[in-house]
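Chain by chain, the residues run as shown.
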Amino acid sequence: MMKKVMTVCLLTVGAITAFSAAPDLKNPALTPVKFGKPANHKPIKLVEKGKLNFAIVYNRKNRADSASAGRAAVILQDAIEKCTGQKVAIYDVKEMDKAIKHPYRIVLGYNDITKKLGADPFKGPKQGYEIFTTGDTIAIVGYDSNLLTKAEKAKVDLTDVGVLRGTLWGACDFVERMFGCRWYFPGEYGSLYPKITDLTIPALRYSDAPHFFNRDGCWIGWSLRGNAKWEKLLGKNHPSTGTPDKNIRIQERWRLENFMGPYPFHPGHDPEPKFLTQWYPDRDKDIYFTNESGHMYRNKKAHIGNSFDLTNLKFADLIIDAMHKFYASKGKTHKIWSYAPNTRFVNFGQCDGEVKDYDMMRNPTVKKLNLITEANIKRGCIQSDVYGRFLQYYATRVKKEFPGLKVAFMPYQGGTRAPLDPRWKLPDNIVLRVCTHALPRVPLNKKKIAGTLQTLKEWYEATNNRPIDSLYIYNIPAEKNGGSELIRAICSQFVGDSIKVCGKYLGNMNIFYDQYGGLNWSHYYSEYCAARAFWNPDFNVDAAIDEHWEPFYGKEAGKELRKFHKTLKDAYIKHYMMDDNVPVTGSGINPLFPPKVVDILEKHLLNAKKYIKPGSIEEKRYLVLSEPYARAFQAQRSRQSYVKPVYNVYQILKTEAVTVDGVGNEPFWKKVKPAILQDATGSGTKTQFPVSIKLAWKADGIYGLLEAKHKPEANPKKDIWHNDSCEIFFSPKKHRRDFYHFVFDTMNNTKTGYRNIFPIITPYNGTWKGVGFTSKAIVKDNGWTAEFFIPFKCMQEKTPAPYTLWNANIVSNKLNRPQESRSTSMTLNDNHNLGMYGSIKFLGKGDL
């Protein structure tokens, strides 16, 4: 057994609790490692009576060692100083005359010293490491690719691969396993550093390596960049790291890599429309899909709103042309991709949108080649053979003209499933990143993941029984995107289960984890476990979370928070994951918990707060953890008591004139009451930027006036979804069968759409034209006004009788920072949630 005597500071101001512990090398809260037979020697007394008995040694003067062994030294020195109060000395391998004055040495990386001790990391897994002891040395030696020559890299397929840093990952494990350190979230308060006065380590040997080659940590950096909330709760970002930590980013401590990881692999929505326009300005007809009525799926102001024409092989030829010119110019011209091709991969994927099935079915090429059959329709992925034909043609040309290059393809939307028709057999130079919303959300529910596993199986078989290279998975959306923080708090804990349930269908390139609205650090304990699952899917989530409550928050508060977490996780499993009546997406991302569960959660959270001293470090941590829950609890209770609002629409008299000019100076508007706008999640959060929206009607249609007194986003270069805007949803039919959608923005852009909900939910039809819909906006420095008109006839409706009720929802979108959206209905941030719409009532003459 390892003897480790430590005094642990619980980091509570004015109260230090000390205890002795002998931690287990096989602590279930840590990543499982493989143990080997250690050398026979006496235990190593690293720290004795508060004194450090060791130094750190690595090839300090060799720049090639800096990326891994150098970073390992930084991690070790930082943690040891915080645990012991002393800065450990660091020497170069050629300074052993100084280092041997210390009884023991921790030697990092593959160098002359560790080589003589028998280390040979390059025989092990890439990015792996081994830690072993001799009588006076602890060696931490990893597979560090920067120590290999070009010839050596070529032999093991590492040419042009980013740096592999096995030694760094070994140092991270050593600090956790031996010193008891834990890193839960960025900043001064997010870590645990036990105060150590004595530390004795036995003879040992163990090794480990990651499950996934690429462990992309971009989602962490993105969550912290320019986020005022997290800077307030976690600390100001340092320019050198872009995080609240000055020298060491949490990504390194969690064993994550930089964007994409060592392999330059990131299939997504490529090529990028704005770059296609730059290099092929006259080729839109070959690039973007046009339906039979002449509507082109093209949005020149943003990425969303474009859809490539995958029935047109000229588009594939265009991409091949760009590739030749790009490679010939060494990347200086014809870069049409967001993530440029390299020596290994060229990315391809549909834009972040999709051609409607009914438009695709009417396409002449589709009909001529019978690309959509009854089998496609029955399977529910109608366009899979459209994608298959295009992909086969394109990848075959790539294979012939760019030998060795792989097409990194992301199946998406209509092309999510593998081709059905044997005509479209895929060549062997295609690698895949498959998207699924079912993971990591519901991996334990066999019924809910059946479709995902079937999709993986189909792609596995379509690529000659090769595992897919990458899985693109989605967290529960953030509350601003319609999700519930009550289930978002738990979802990431199931990343490991999600990886394992894929079995042979999933390879070990990587998982790309879409945080869907940005990582929420209030759920740090779950995100910590997700990152560990990238390294090892067998990571014991429950043990890791369970061990941290008391050390992190204090004994009594920790007990309450453990109960809080258990209640929350049990509710997630029961009311979301395992309830077959709750869908994975749509309304399912914000399930309604029983009131009793909400009360229990609130009780434990408030009880924990009672035990936490104001101003303490524990309180700062508690503020991070508890940040979303007051809103989440209120949202649950608001839904329980929700009464759908009714807004009275004033009837314009024959003596009252109205002009849609944006001024809104008609006298009758002063008599009209504005609609009451609320946070659509039901959180009850008060608006910071009030907007007045009024409706009135007469025989030809509905008129409206918007008045906002905040500076709006009004950029002519942006599309309607990126300026301040107003959305109006009307559902005139009884039984909430369908809705009409009208949008206008500050730049007088308009958009209309339609969607049928009952008896069959159909895709949103963004090509529907609301003929006669007009708006006029006037933008000022301190606000904006707008008037609009929606004719009844564009909705195929006659003039309604007074006191008729329509289902309706009105939404105001403020898009400059800080952003804010408000609506008349509690739609849970899903504007298509027709079942939650309130109503408008057409008043009679003289009514107010």
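Here the structure is a predicted model, which is why all the values come from computation and not from measurement.

1. Focus on the packing of aromatic side chains
Then comes step 1: In this structure the tally under the stated criterion is 65 aromatic pairs.
Then comes step 2: Both rings, one in phenylalanine 289 and one in tyrosine 297, keep their centres 5.8 Å apart while their planes meet at 75°; by these two values the pair is edge-to-face.
Then comes step 3: In this structure tyrosine 297 comes out as buried when scored by relative accessible area, which is 6%.
Then comes step 4: Considering the side-chain rings of tyrosine 650 and phenylalanine 668, the 5.9 Å spacing of their centres and the 15° angle between planes classify their relative orientation as stacked. Placement of tyrosine 650 in strand β18 (residues 646-651) and of phenylalanine 668 in the loop between β18 and β19 (691-698) is noted, with a sequence separation of 18 residues between them. Each member of the pair, tyrosine 650 as well as phenylalanine 668, carries the same accessibility label: buried.
Then comes step 5: Cluster of aromatic residues (ring-pair linked, three or more members): Tyr184, Phe185, Trp254, Trp521, Tyr524, Tyr525, Tyr528, Phe539, Trp549, Phe552 and Tyr553.
Then comes step 6: Positioned over the ring face of tyrosine 576 is lysine 448, at 5.3 Å from the centre of the ring.

2. Considerations on the nonpolar core
Then comes step 1: Of all hydrophobic cores here, the largest spans 175 residues; its most connected members are Phe174, Tyr394 and Trp521.
Then comes step 2: At nine residues, helix α19 (residues 524-535) tops the list of elements feeding residues into this core.
Then comes step 3: Not counting residues within four places of it along the chain, the set of residues in contact with phenylalanine 174 comprises Leu46, Leu76, Ile106, Ile131, Ile138, Ile140, Phe179, Ile201 and Tyr206.
Then comes step 4: Leu677, Tyr740, Met795 and Trp806 belong to the second-largest nonpolar core, a separate cluster that totals 42 residues.

3. Things to note about the sheet that holds strand β3 (residues 51-52)
Then comes step 1: Pairing within the open sheet is antiparallel, and its three strands lie in the order β3-β2-β11. Of all the strands in the sheet, the pair left with one neighbour each is β3 and β11 (199-201).

4. Here we look at the packing of helix α22 (residues 555-577) against helix α23 (residues 595-610)
Then comes step 1: Put simply, α22 and α23 touch, their axes get as near as 8 Å, and they point 160° apart. Here α22 lies roughly antiparallel to α23, going by the angle between them. The interaxial crossing formed by α22 with α23 has left-handed handedness. Contact residues: α22 offers Ala557, Glu560, Leu561, Lys563, Phe564, Thr567, Leu568, Ala571 and His575, while α23 offers Val597, Ile600, Leu601, His604, Leu605, Asn607 and Ala608.
Then comes step 2: Taken together, the residues of the contact of α22 with α23 sort by class into ten nonpolar, four polar and two charged.

5. Some words on unusual backbone geometry
Comment: phi is negative for the bulk of residues other than glycine, and the bulk of peptide bonds are trans.
Then comes step 1: Cis geometry marks the peptide bond from aspartate 270 to proline 271, where omega comes out at 5°.
Then comes step 2: Residue placement: proline 271 occurs in the loop between α8 (250-253) and α9 (273-279).
Then comes step 3: Across the junction of arginine 817 and proline 818, the peptide omega takes the value -5°, indicating a cis bond.
Then comes step 4: Mapped onto the fold, proline 818 is located in the loop between β26 (805-814) and β27 (820-823).
Then comes step 5: In this structure, methionine 260 is a non-glycine residue whose phi angle is positive, near 80°.
Then comes step 6: Relative to the helices and strands, methionine 260 resides in the loop between α8 and α9.

6. Quick word on the pairing of strand β8 (residues 137-142)
Note on strand geometry: in a regular strand, side chains alternate between the two faces of the sheet.
Then comes step 1: With respect to burial, β8 is a largely interior element, six of its six residues being buried.
Then comes step 2: Side chains Thr137, Ala139 and Val141 of β8 all project onto a buried face; the interleaved residues Ile138, Ile140 and Gly142 project onto the opposite face, where all are buried too.
Then comes step 3: Pairing between strand β6 (residues 104-108) and β8: four bridges, direction parallel. If you follow arginine 105 over to β8, its bridge partner there is threonine 137.

Criteria and cut-off values
- Residues numbered from 1 in each chain as written.
- Predicted model: local features only at pLDDT ≥ 70, side-chain atom pairs only at ≥ 80, totals over all residues.
- Heavy atoms only, no water.
- Phe/Tyr/Trp six-rings, centres within 6.5 Å; stacked < 30°, edge-to-face > 60°.
- Buried < 20%, exposed > 50% of the residue type's maximum accessible area, 1.4 Å probe, protein only.
- Helix = DSSP H or I, 4+ residues; strand = E, 2+ residues; numbered from the N terminus.
- Lys NZ or Arg CZ within 6 Å of the ring centre and 35° of its normal.
- Core = buried A, V, L, I, M, F, W, Y, C linked by side-chain atoms within 4.5 Å.
- Contact = heavy atoms within 4.5 Å.
- Pairing = 2+ DSSP bridges.
- Axes fitted to C-alpha atoms, helices over the stretch in contact; angles between N-to-C directions.
- Parallel < 35°, antiparallel > 145°, perpendicular 65-115°, else oblique.
- Left-handed = near helix turned anticlockwise from the far one by under 90°.
- Nonpolar A, V, L, I, M, F, W, Y, C, P; charged D, E, K, R; others polar.

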